[in-house]
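Here is what each chain is made of, one letter per residue.
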Amino acid sequence: MKKILASFLFCLCAAIGAFGFIGCVASTPVVQYPADTAIAVVYAYDDVSNVTTSQVPQLFQNQLDSSLSARNLKVQPVEFANVQSILESIRDTDRRMNALQGFAGNANYLVLTEISTEFYSALSGRYRWDVHAKMTITDVRTHETLTQSVTLPAVLMYSHENGEDAINAVKADLERRMGTLVDQFLKNLTTASQTAALAPATQRQVAVNASAEGKKKMLRPSTSL
């Protein structure tokens, strides 16, 4: 009986700890960037078998756009019809980025998300797909670039579901990864912005401290006879 009670209490404490951790994570504020920071986005769904490229599912695109907008970034989608032929003729990421920069307009940064899907196997009435994602962000002015690649499993319910359903199944995970990639790349931007915002306050504090120190000196009793 004591063992059962101890096990129950352990599970209860673990559950409370887990909920507490989730609450802490959920309450973490999203980084905010200067309002004039524009970012051009291109989303490519590559059909490796047929060597074609099309638009990603709209739900997925909206999810990633929301991740960027939540950071106060001005999202500027590149018209897919204008770049589809480029994406189909160029399969290398670096060469794609070089060709796409001319479509970034007045954006400071360009993000290219490349997605491909692959049916893996049928497992106990479920259908396993692999979603391969490669996210790349570059500074249009300096050409500094950061890339993240990942393969995520998507388990679907029905045999008629396809690669687009697999993408939508993992869109929340890819949204988080997009946010992490952008934050890592723009960390110097937000650090500089925060420093600039804090500078006036810091100067005011120095002035207050100096004034207080002056008053202390004036009130200090003289030791001369």
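Residues numbered from 1 in each chain as written. Predicted model: local features only at pLDDT ≥ 70, side-chain atom pairs only at ≥ 80, totals over all residues. Heavy atoms only, no water.

Student: Looking at this model, I keep getting lost on the pattern of salt bridges. Mind explaining?
Tutor: Two side chains of opposite charge can pair, provided their charged atoms sit close to one another. Per the counting criterion, the structure on display carries 7 salt bridges. In this structure, the salt-bridge partner of R71 is D183, at a minimum N-O distance of 2.9 Å. Remark: D183 occurs in helix α6 (residues 171-185) and R71 occurs in the loop between α2 (58-69) and β3 (74-77); sequence separation between them is 112 residues. Linking R177 and D173 is a salt bridge whose minimum nitrogen-to-oxygen distance equals 3.0 Å. Taken together, the residues span about one helical turn, with R177 and D173 both in helix α6 at a distance of 4 residues. By relative accessible area, R177 is classed as partly exposed at 27%. Taking the relative accessible area as the measure of exposure, D173 reaches 23% and is therefore partly exposed. Through salt bridges that share partners, D46, R91, R96 and E114 make up one connected network. (Salt bridge = Lys/Arg side-chain N within 4 Å of Asp/Glu carboxyl O. Helix = DSSP H or I, 4+ residues; strand = E, 2+ residues; numbered from the N terminus. Buried < 20%, exposed > 50% of the residue type's maximum accessible area, 1.4 Å probe, protein only.)

Student: Looking at this model, I keep getting lost on the pairing of strand β6 (residues 145-156). Mind explaining?
Tutor: Two faces make up the sheet, and in a regular strand the side chains alternate between them. In terms of strand pairing, strand β5 (residues 126-139) meets β6 through 12 bridges, oriented antiparallel. Each residue of the ladder has a partner; that of M135, found in β6, is Q148. In sequence, β5 turns back onto β6 through a hairpin of 5 residues, with H143 there showing a positive phi of about 70°. (Pairing = 2+ DSSP bridges.)

Student: What exactly am I supposed to notice about the nonpolar core here?
Tutor: In a soluble, globular protein the nonpolar side chains are often hidden away together inside. In this structure, L68, I115, I137 and L174 are the most contacted members of the largest nonpolar core, which totals 31 residues. Elements supplying a minimum of two residues to this core: β1 (38-47), α2, β4 (109-123), β5, β6, α5 (163-169) and α6. Sequence-distant contacts of I115, that is, excluding residues within four places in its chain, are made with A44, Y45, D46, V56, F60, V131, H132, A133, I167 and L174. A38, L87, A104 and L110 belong to the second largest nonpolar core, which has 15 residues in total. (Core = buried A, V, L, I, M, F, W, Y, C linked by side-chain atoms within 4.5 Å. Contact = heavy atoms within 4.5 Å.)

Student: Could you clarify how one ought to interpret the environment of E164 in this entry?
Tutor: Relative to the helices and strands, E164 resides in helix α5. What makes E164 partly exposed here is its relative accessible area of 36%. Those residues in contact with E164, other than ones at most four positions away along the chain, are Y45 and P57.

Student: Is there a simple way to think about the packing of α2 against α6 in this case?
Tutor: Helix-helix packing: each pair is described by the crossing angle between the helix axes and the interaxial distance. The contact between α2 and α6 brings their axes to 9 Å, and the two run at 35°. When the axes of α2 and α6 are compared, the crossing they make is right-handed. Where α2 approaches α6, its residues L59, F60, Q63, L64, S67 and L68 are matched on the opposing element by K171, A172, L174, E175, M178, G179 and V182. Residue composition of the contact of α2 with α6, by class: 8 nonpolar, 3 polar and 2 charged. (Axes fitted to C-alpha atoms, helices over the stretch in contact; angles between N-to-C directions. Left-handed = near helix turned anticlockwise from the far one by under 90°. Nonpolar A, V, L, I, M, F, W, Y, C, P; charged D, E, K, R; others polar.)

Student: Explain helix α4 (residues 93-100) here, please?
Tutor: Because an α-helix completes one turn every 3.6 residues, residues spaced three or four positions apart along the sequence face the same direction. What α4 keeps buried is the set T93, R96, M97 and L100. The buried residues of α4 occupy an angular sector of 100° when projected down its axis, which confines them to one face. Away from its buried face, by an angle of more than 90 degrees, α4 presents the exposed residues D94, R95 and N98. Along its buried surface, α4 packs onto β1, β2 (52-54), α3 (80-89), β4 and β5. For α4, the capping residue at the N-terminal end is D92, with a side-chain oxygen 3.2 Å from the backbone nitrogen of D94. (Arc of directions from axis to C-beta. Polar contact = N/O pair within 3.5 Å; in protein donor to acceptor, adjacent residues only side chain to side chain.)

Student: Would you mind showing me how to read α3 here?
Tutor: Every buried residue of α3 is accounted for by F80, V83, I86 and L87. Axial view of α3: buried residues confined to an arc of 125°, hence all on one face. For α3, the exposed residues lying more than 90 degrees away from the buried face are A81, S85 and S89. Buried residues along α3 sit against β1, β2, α4 and β4.

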